[in-house]
Amino acid sequence: MTPRRILLTGTSGFVGRHLVAMLRRDMPGAELHAPEFDVADQPAVAAAVRGTRPDACVHLAAISAVAMARREPERTWRVNLHGTLNLAGAIVAHAPDCVLLFVSSADAYGGSFRSGGCLDETAPLAPMNTYAASKAAADLAVGALAVEGLRAIRVRPFNHTGPGQSADFVVAAFAEQVARIAAGIQPPVLRVGALDPMRDFLDVRDVCAAYVACLRNADTLAPDAIFNIASATPRRIGDILDALLGLGGVAARIEADAERLRPSDIAIACGNAARARAALGWAPRIPWEETLSETLADWRERVARAG
């Protein structure tokens, strides 16, 4: 049964804006509630859940940039772990029939990627940075609460990008610089982190489609369901940069920037999403070339608006 009332957190963020648009299009009969509150404020969270009495809750709110999490570890734990616990506790207390769709992260697999191959949901969580650790802790906490009665779906999305993403993330960071160089407001020098790692990338709209599929199928899923959201196609970071330079018609000198490097030795991170295909009928559909083209077009518009 399609949820009638959906409570959303993090709707002002990159994924949240895309998800709200998709829910309005694909679930026109559902009431969407996105009250502004701090998930780390337990009384505020409880009031939001009491006031909404949702059938479903999509929890996107998080400190999601690895660099920011590294700079602000206390805030990251307060939001990513304790905020999730506040929300889950409020749902159990005030809306026990509500299903919580918790957006975890494939970054939580961390060191497990060293085993090679595309990981499925049985791979151990072995986080290697503050962001990943906070997400892994919240993921495990939600799983434990599901055993105690919380209706929960955990999704572990792999890297995703698209129009509207901030330059805190690698594809958007490349696209912003290419757009600025093309506009003549940045010298033809592009600063980068590591280019050899390979990562599993998706279009943000495919990721949102997976979340919608979770909501639509919530009544048929186990109360502790876990789904990887992945393409199973690792892409070299440097090849993504080359593709964006080609799309932008830009030639630039590439310079390494120590501040953009992550202290990680994971060469390849790839996900197996067979479980989501089988249970949700989900698969990524947007061609990667289209994702890159639209991401660059979005940054060209932003650069032009900024003058």
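Placed above this text is the structure.
Chains are numbered independently. Their residues run from 1 in the order of the written sequence. Given that this is a predicted model, residues contribute local features only at a pLDDT of at least 70 and side-chain atom pairs are listed and counted only at 80 or more, while totals for whole chains, interfaces and linings are drawn from all residues. Computation of side-chain values: all heavy atoms of the structure, hydrogens and water removed.

Undergrad: Explain the environment of P287 to me, please; I cannot follow it from the model alone.
TA: Helix and strand definitions here come from DSSP, where helices need a minimum of 4 consecutive H or I residues and strands a minimum of 2 consecutive E residues; each element is numbered from the N-terminal end. Among the secondary structure elements, P287 is positioned in the loop between α9 (274-280) and α10 (288-306). Since its relative accessible area comes to 42%, P287 is described here as partly exposed. Spatially, the C-alpha atoms of P287 and G238 are 19 Å apart, while their sequence positions differ by 49 residues. Throughout, exposure labels follow a simple rule: accessible area from a 1.4 Å probe, protein chains only, divided by the maximum for the residue type, with under 20% read as buried, over 50% as exposed, and the rest as partly exposed.

Undergrad: Explain the pattern of salt bridges to me, please; I cannot follow it from the model alone.
TA: A side chain with one charge can pair with a side chain of the opposite charge if their charged atoms come near. By definition, a salt bridge exists where a carboxyl oxygen of Asp or Glu is found within 4 Å of a side-chain nitrogen of Lys or Arg. Per the stated rule, a full pass over the model turns up 16 salt bridges. The residue E255 makes a salt bridge to R191 at a minimum N-O spacing of 3.0 Å. Placement of E255 in strand β11 (residues 253-256) and of R191 in strand β7 (residues 189-192) is noted, with a sequence separation of 64 residues between them. You can call E255 partly exposed: its relative accessible area is 24%. Relative accessible area serves as the criterion here: at 34%, R191 is assigned to the partly exposed category. Among the ionic pairs, R302 bridges to D298, the shortest N-O distance being 2.8 Å. Note that R302 and D298 are positioned in helix α10 at a spacing of 4 residues, about one turn of the helix. Sharing partners across several salt bridges, the network here consists of R191, R253, E255 and D257.

Undergrad: Looking at this structure, I do not really get the side chain of S104. What am I missing?
TA: Relative to the elements of secondary structure, S104 occurs in the loop between β4 (99-103) and α5 (130-147). Here S104 is in contact with K135, D139, V155, R156 and P157, once residues within four sequence places are set aside. Contacts are assigned to residue pairs with any non-hydrogen atoms lying within 4.5 Å of each other.

Undergrad: What should I look at first to understand the packing of helix α8 (residues 237-248) against α10 in this one?
TA: Packed helices, taken two at a time, are described by the angle their axes make and the gap between the axes. In contact at an axis separation of 10 Å, α8 and α10 are set at 60° when each is read in the N-to-C sense. Put simply, α8 runs oblique to α10. Where α8 crosses over α10, the two elements pack in a sense that is right-handed. Facing I240, A243, L244, L247 and G248 of α8, the residues of α10 in contact are W288, L292, S293, L296 and R300. Axis definition: a line fit to C-alpha positions, over the contact stretch in the case of helices; interaxial angles, taken between N-to-C directions, run 0 to 180 degrees. The scheme is simple: roughly parallel for angles under 35 degrees, roughly antiparallel for over 145, roughly perpendicular for 65 to 115, oblique for anything else. Crossings are classed by handedness, with left-handed meaning an anticlockwise turn of the near helix from the far one by less than a right angle and right-handed meaning a clockwise turn.

Undergrad: Whenever I open this one, the packing of aromatic side chains confuses me. Can you help?
TA: Within 6.5 Å between ring centres, the rings of Phe, Tyr and Trp (the latter by its six-membered ring) count as paired, and their orientation is classed by plane angle as stacked under 30 degrees, edge-to-face over 60, tilted in between. What the rule picks out here adds up to 4 aromatic pairs. Where Y109 meets F158, the ring centres are 6.4 Å apart and the plane angle is 35°; that geometry is what we call tilted. Taken together, the residues span a long stretch of sequence, with Y109 in the loop between β4 and α5 and F158 in the loop between β5 (151-157) and β6 (159-161) at a distance of 49 residues. Judged by its relative accessible area of 0%, Y109 falls in the buried class. Given the relative accessible area of 3%, F158 is considered buried. Taken together, a centroid distance of 5.5 Å and an interplanar angle of 35° make the contact between F201 and W288 tilted. Highlighted residues: F201 in strand β8 (residues 198-203) and W288 in helix α10, separated in sequence by 87 residues. Overall, the relative accessible area of 4% leaves F201 in the buried class. Taken together, the ring pairs in this structure connect Y109, F113 and F158 into an aromatic cluster. Counting as a charge over the ring demands two things of the Lys NZ or Arg CZ atom: a distance within 6 Å of the ring centre and an angle within 35 degrees of the ring normal. Lying across the ring of W299, R302 places its NZ or CZ 3.8 Å from the centre.

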